[in-house]
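# Survey of secondary and tertiary structure
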Amino acid sequence: MEETIIMAALSTLTSPQLTDITSSILSQTVNHRSRLSSLLCSPSLFSLTFHHLHSLTLTQKTFLISKHLLSSLHDLTRHFHPTTLVPPHPYTTFKHRDLDAALLLIFLCDVHQENPEILETPHTEWREGLSKHFSETVLRQTSIGVHYGGVLLPYVEVIIRCWRFVGMMAGCLVKEGRELAAAPAVVAALQGVEVRRGGEECVICREEMSEGRDVCELPCEHLFHWMCILPWLKKTNTCPCCRFQLPTEDVFGEIERLWSVLIKIGDGALNGECT
Ligand SMILES: [Zn+2]
Ligand SMILES: [Zn+2]
């Protein structure tokens, strides 16, 4: 279901955008595969990463997957709309050790689904079984060929699996209806415009924005007095007029925001096709 919606969202991209997205995902996939492959080939690196992963609490593991998910969502959504652009997020830059742990964790979840008997052996024997499973998966995916679906679909599937995992684990971490401040870097980059025609009111203070005055324009094109919108965005990242969401610095908040951007585009594409 989610696969269909996200693939529908991707289908709205122009052909150069699709080429762009596919090549960036392809190079990322190759990079992740080679990290995972060297990890599985080296007994010492494997045991180091395995023990690092093992030492993490469930909350830390969830956070690791969340960061991975956020950076993938960020990669996907930045191709759609400039307003979803986020300045490089502190959480999406991974330490190598954490990236390896995240890749191994995601791979273990795959194996758990597709080939659980490997994980039933003593974990000192896992590396061999995992390497074999890894080679088979890579061969199978390579034989599908490197075309849009061949690269994008597995990528989208990982995103959806991570999304479900985070939703399940972080459900208790994310409070319903909590308000998040807009990211300060994004607020600092907001543009001012001159009011062309007076008479329109700022919905925050209900006072008129007089002609010629420099006011703040949000990406949704709604206008506000600077002195009204700045304190507002310190409390919440949504536009007072249309609920458009600006980027935040919260990992879970960002996952929800980018996910809903994708779902909205995908839903629109699907409904557009039906009518
Ligand atoms: Zn105002
Ligand atoms: Zn708005």
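One structure accompanies this document, and this report is about it. None of the values given here were measured: they were computed from a predicted structure.

## Here's the deal with the coordination of the zinc ion (ligand 2)
Here the zinc ion (ligand 2) is held by Cys 220 (SG), His 222 (ND1), Cys 239 (SG) and Cys 242 (SG), and the distances to it run 2.0 to 2.3 Å. Around the zinc ion (ligand 2) sit four donor atoms, and with donor-metal-donor angles ranging over 107 to 113° the site reads as tetrahedral. Going along the chain, you hit the donors of the zinc ion (ligand 2) in the pattern C-x1-H-x16-C-x2-C. Of this pair, His 222 sits in the loop between β2 (214–217) and β3 (223–224) while Cys 239 sits in the loop between α9 (226–235) and α10 (251–274), placing them 17 residues apart in sequence. Using a relative accessible area of 1% as the deciding quantity, one classes Cys 239 as buried.

## As for the nonpolar core
With 54 residues, the main nonpolar core has Leu 10, Leu 76 and Leu 130 as its most contacted residues. Among the elements of the structure, α1 (2–11), α2 (15–41), α3 (43–55), α4 (58–77), α5 (96–114), α6 (126–144), α7 (148–170) and α10 are those that each provide at least two residues to this core. No other element matches the 10 residues that α5 contributes to this core. When neighbours within four sequence positions are excluded, Leu 10 is seen to be in contact with Leu 18, Ile 21, Leu 76, Phe 80, Leu 152 and Val 156. In this structure, Cys 202, Met 209, Val 215 and Leu 218 belong to the second largest nonpolar core, which totals 18 residues.

## Examining unusual backbone geometry
Glycine aside, a negative phi is what most residues show, and trans is what most peptide bonds show. At Glu 221, a residue that is not glycine, the phi angle is positive and equals roughly 80°. Positive phi, close to 65°, is recorded for Arg 243, a residue that is not glycine. Its place among the elements puts Arg 243 in the loop between α9 and α10. Given a relative accessible area of 58%, Arg 243 falls into the exposed group.

## Some details on α3
Between its terminal C-alpha atoms α3 stretches 18 Å, which fits the 18 Å expected from 13 residues at 1.5 Å a residue. All buried positions along α3 are accounted for by Phe 46, Thr 49, Phe 50, His 52 and Leu 53. Taken around the axis of α3, the buried residues stretch over an arc of 160°, which confines them to a single face. Turned more than 90 degrees off the buried face of α3, the exposed positions are Ser 44, Leu 48, His 54 and Ser 55.

## Remarks on the environment of Ile 21
Within the secondary structure, Ile 21 sits in helix α2. With a relative accessible area of 0%, Ile 21 lands in the buried category. Between the C-alpha atom of Ile 21 and that of Leu 10, which follows or precedes it by 11 residues, the distance is 9.4 Å. Once you skip the residues sitting within four places of it in the chain, Ile 21 turns out to touch Leu 10, Leu 13, Leu 76, His 79 and Leu 152.

## Quick notes on the coordination of the zinc ion (ligand 1)
In the first shell of the zinc ion (ligand 1), the protein supplies Cys 202 (SG), Cys 205 (SG), His 225 (ND1) and Cys 228 (SG), at 2.1 to 2.3 Å from the metal. One can describe the donor arrangement at the zinc ion (ligand 1) as tetrahedral, given that its four donor atoms subtend angles of 94 to 118° at the metal. Expressed as a motif, the donor residue spacing for the zinc ion (ligand 1) is C-x2-C-x19-H-x2-C. Here Cys 205 is found in the loop between β1 (191–194) and β2, whereas its partner Cys 228 is found in helix α9, with 23 residues between them in sequence. Judged by its relative accessible area of 28%, Cys 205 falls in the partly exposed class. By relative accessible area, which is 13% here, Cys 228 ends up buried.

Calculation notes
Residues numbered from 1 in each chain as written. Chains lettered and ligands numbered in written order. Predicted model: local features only at pLDDT ≥ 70, side-chain atom pairs only at ≥ 80, totals over all residues. Heavy atoms only, no water. Donors = N, O, S within 2.8 Å, 3.2 Å for Na, K, Ca; no water. Tetrahedral: all angles 85-135°; square planar, octahedral: opposite > 155°, others 65-115°. Helix = DSSP H or I, 4+ residues; strand = E, 2+ residues; numbered from the N terminus. Buried < 20%, exposed > 50% of the residue type's maximum accessible area, 1.4 Å probe, protein only. Core = buried A, V, L, I, M, F, W, Y, C linked by side-chain atoms within 4.5 Å. Contact = heavy atoms within 4.5 Å. Expected span 1.5 Å × (residues − 1). Arc of directions from axis to C-beta.

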